[in-house]
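Report on the structure
For reference, the chains in residue letters:
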Amino acid sequence: MMRIKADSDLCVGSGQCVLTEPAVFAQDDDGIVALLTDHPDDQSARQAHHAVTLCPSRALSILQE
Amino acid sequence: MTESVALELTGLKLPVERGCPFAPPSAYERLREQAPINKIHLTSGGEAWWVSGHEEGRAVLVDPRFSSDKRKDGFPLFMLDAATLRQIRSQPPLMLGMDGAEHSAARRPVIGEFTVKRLAALRPRIQDIVDHFIDDMLAADRRPVDLVQALSLPVPSLVICELLGVPYTDHDFFQSRSTMMLRRTSSEDRLRAFAELRAYIDDLVTRKESDPGDDLLSRQIARQRRQGTLDHAGMVGLAFLLLTAGHETTANMISLGVLGLLSHPEQLAVVKADPGRTPMAVEELLRYFTIADGVTTRLATEDVKIGGVSIKAGEGVIVSTLSANWDPAAFKDPAELDVERGARHHIAFGFGPHQCLGQNLARMELQIVFDTLFRRVPTLRLAAPAGDLPFKTDSVVYGVHELPVTW
Ligand code: HEM
Ligand code: SF4
């Protein structure tokens, strides 16, 4: 199963991840990424993957598929 | 690399003299075909690396060894002339020109204002603003109407006005000055508008300091007070940055987006048939026009190897976001405007830590304008041939000075 990691120190609050897969990614009130789950289900996996490639600060990574 | 191609690029009137109004300069393609990274001669003298490839461009922009700090010696003079650079250096620095921890300290306090959730709450108000200007346009007793003046400029101007907390009674002043700053008037007129607006914003910040409201500036001031450091000059700088970074850019994308869709009726039909496709169309239009090409200029602070090329500390690097967004390795048949292609990985908003702070606001404004305009004015058409329009071939941000439309 896919596992996602978000590095909040690297995040620059672009919101790209939230736009791409709101079932997995959110932003806290300060605009920093917050994971709603670190294990996206099969339905979200593809979009979560896409979000990882779009993140401009490389704050997101996939630990295992 | 072949010297002739590089020189040919230098021979172009940089920054953005596009051959056909819809396509990048042809030299871009030849340079990219030669190599994703080439050394070029700058019109300002000296050399710099020109990054054409999508992958290589993203690699540069995300790498902390490339600096955005225009105060550093040797920063490449590409989009900036020497006088502008002196002016930038004489002002307190803006986040756009900071690196690392300093950049993060300037950007982090503001990103909460631009979250996807916060912006969604602004949607109804932006819809009202767009409807209001379209009402006025439809009520005009003469056609054609210049869409730039009727819609493209006033919408983002009013949106920023409200975001910053400019009082209602000052809207006309704020809008006329910010629009005059961007008009093709004499340079004295523009400079005067610039100075008046700067003085106005300074005064606005002072007023917010003593009489806060429910707006971005007041919240930033309160935040700084909580941390014990009220930075008046920095606040004026931030307000001015948001205004200048968000007004002309969004306005140009509104005009070019409408022009792009009207010039590709089959693509417009796709959007009209299903407004759910508008967000994707907006991404494709952002990619296709990449209006802020080359503002992503950097200075190498260490020796770096990117895409097999050794870039030395002290060398300048220009990431051509336009060229990257037309890189066939990232976008198949890049010359085709294809609203359904899925273009989210474009770098029209840049990449890396400086990626546009206002991108999701811009996205929303563009989506609402395109949806509303084509729904309310379904017979909208150009009142002049696209090729005859006055394109902004001579400014940092690409666009069109006038867009006559009728219906
Ligand atoms: C279609 C419209 C827009 C385009 C194409 C655009 C493009 C860009 C680009 C390419 C950058 C990166 C510059 C760099 O890396 O050196 C940038 C940064 C920035 N943009 Fe935008 N922009 C747009 C709209 C806006 C709006 C609406 C706002 C605010 C209301 C805004 C505020 C900013 C700010 C503050 C930065 C600096 C961010 C930083 O340095 O961390 N922009 N923009
Ligand atoms: S895409 Fe990356 S930088 Fe943007 S909010 Fe998500 S984690 Fe942060």
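Residues numbered from 1 in each chain as written. Chains lettered and ligands numbered in written order. Predicted model: local features only at pLDDT ≥ 70, side-chain atom pairs only at ≥ 80, totals over all residues. Heavy atoms only, no water.

The name an unreviewed UniProt entry gives chain B is Cytochrome P450, with Sinosporangium siamense as the organism.

Overview of the overall build of chain A
Regarding its fold elements, chain A presents two helices and four strands. Listing the helices and strands of chain A from first to last along the sequence gives β-α-β-β-α-β. Taken along its principal axes, the extent of the C-alpha atoms in chain A is 30 × 20 × 15 Å. The buried share among the 65 residues of chain A stands at 48%. Counting only contacts in chain A whose residues sit at least 6 apart along the sequence, the fraction spanning at least 24 positions is 58%. When the accessible surface of chain A is split by element, carbon and sulfur atoms take 47% of a total near 3300 Å². (Helix = DSSP H or I, 4+ residues; strand = E, 2+ residues; numbered from the N terminus. Buried < 20%, exposed > 50% of the residue type's maximum accessible area, 1.4 Å probe, protein only. Contact = heavy atoms within 4.5 Å. Areas by Shrake-Rupley, 256 points an atom, 1.4 Å probe, with all protein chains shown as cover.)

Details of the interface of chain B and chain A
Facing the 19 residues of chain B at the interface are 25 residues of chain A. Taken together, the links from chain B to chain A amount to one salt bridge. Across the salt bridge formed by Asp30(A) and Arg223(B), the nearest N and O atoms sit 3.9 Å from each other. For the pair chain B and chain A, the number of links is 13 residue pairs in polar contact (both at pLDDT 80 or more). Secondary structure elements with two or more residues in the side of chain B that touches chain A: helix H3 (54–62), helix H5 (100–111), helix H6 (116–139) and helix H16 (359–376) of chain B. Considering only residue class, the side of chain B that touches chain A consists of five nonpolar, seven polar and seven charged. (Salt bridge = Lys/Arg side-chain N within 4 Å of Asp/Glu carboxyl O. Polar contact = N/O pair within 3.5 Å; in protein donor to acceptor, adjacent residues only side chain to side chain. Nonpolar A, V, L, I, M, F, W, Y, C, P; charged D, E, K, R; others polar.)

Quick look at empty space enclosed by the protein
All names here are of chain A. What the rule picks out here adds up to one cavity of 30 Å³ or more. Space inside the largest cavity adds up to approximately 100 Å³. If you go around the largest cavity, you meet 15 residues; those closest to its centre are Cys11, Ser14, Gly15, Cys17 and Cys55. Within the lining of the largest cavity, the residues separate by chemical class into nine nonpolar, six polar and no charged. (1 Å grid on protein atoms, 1.4 Å probe; cavity = no way out; pocket = protein on both sides within 12 Å on 5 of 7 lines; lining within 4 Å. Points joined across faces, edges and corners; volume = space filled by probe spheres on them.)

Side note on the coordination of the iron atom of ligand 1
On the protein, Cys356(B) (SG) is the one donor atom to the iron atom of ligand 1, at 2.3 Å. Following the sequence through the fold, Cys356(B) ends up in the loop between helix H15 (321–325) and H16. (Donors = N, O, S within 2.8 Å, 3.2 Å for Na, K, Ca; no water.)

Re the site of ligand 2
Residue and element names in this part refer to chain A. Residues in contact with ligand 2, as listed here, are Cys11, Val12, Gly13, Ser14, Gly15, Gln16, Cys17, Val33, Cys55, Pro56, Ser57 and Leu60. The cavity where ligand 2 resides is the largest cavity. Classifying every residue of the shell around ligand 2 by side-chain character gives seven nonpolar, five polar and no charged. (Near = heavy atom within 4 Å. Sits in = over half its atoms within 2 Å of the grid points.)

A short note on the packing of aromatic side chains
All names here are of chain B. According to the stated counting rule, one finds nine aromatic pairs over all chains in the structure shown. Among the aromatic residues, ring-to-ring pairing joins Phe22, Tyr288, Phe289 and Trp326 into one connected group. The ring of Phe351 has Arg58 lying over it, and the distance from NZ or CZ to the ring centre is 4.8 Å. The ring of Phe240 has Arg198 sitting right over it, with the charged end atom 5.0 Å from the ring centre. (Phe/Tyr/Trp six-rings, centres within 6.5 Å; stacked < 30°, edge-to-face > 60°. Lys NZ or Arg CZ within 6 Å of the ring centre and 35° of its normal.)

Concerning the pairing of strand E1 (residues 37–41) of chain B
Within a regular strand, the side chains alternate between the two sheet faces. Note: E1(B) against strand E2 (residues 47–51) of chain B, five bridges, orientation antiparallel. Looking at E2(B), one finds that Lys39(B) is bridged to Trp49(B). (Pairing = 2+ DSSP bridges.)

Digging into the sheet that holds strand E9 (residues 381–382) of chain B
Residue and element names in this part refer to chain B. Within the open sheet, the three strands sit side by side as E4-E10-E9. Their pairing is antiparallel. The sheet is open, and its two borders are formed by strand E4 (145–146) and E9, each paired with just one other strand. Both E9 and strand E10 (residues 404–406) contribute to a ladder of two bridges, which runs antiparallel. Along E10, the bridge assignment pairs Leu382 with Val405.

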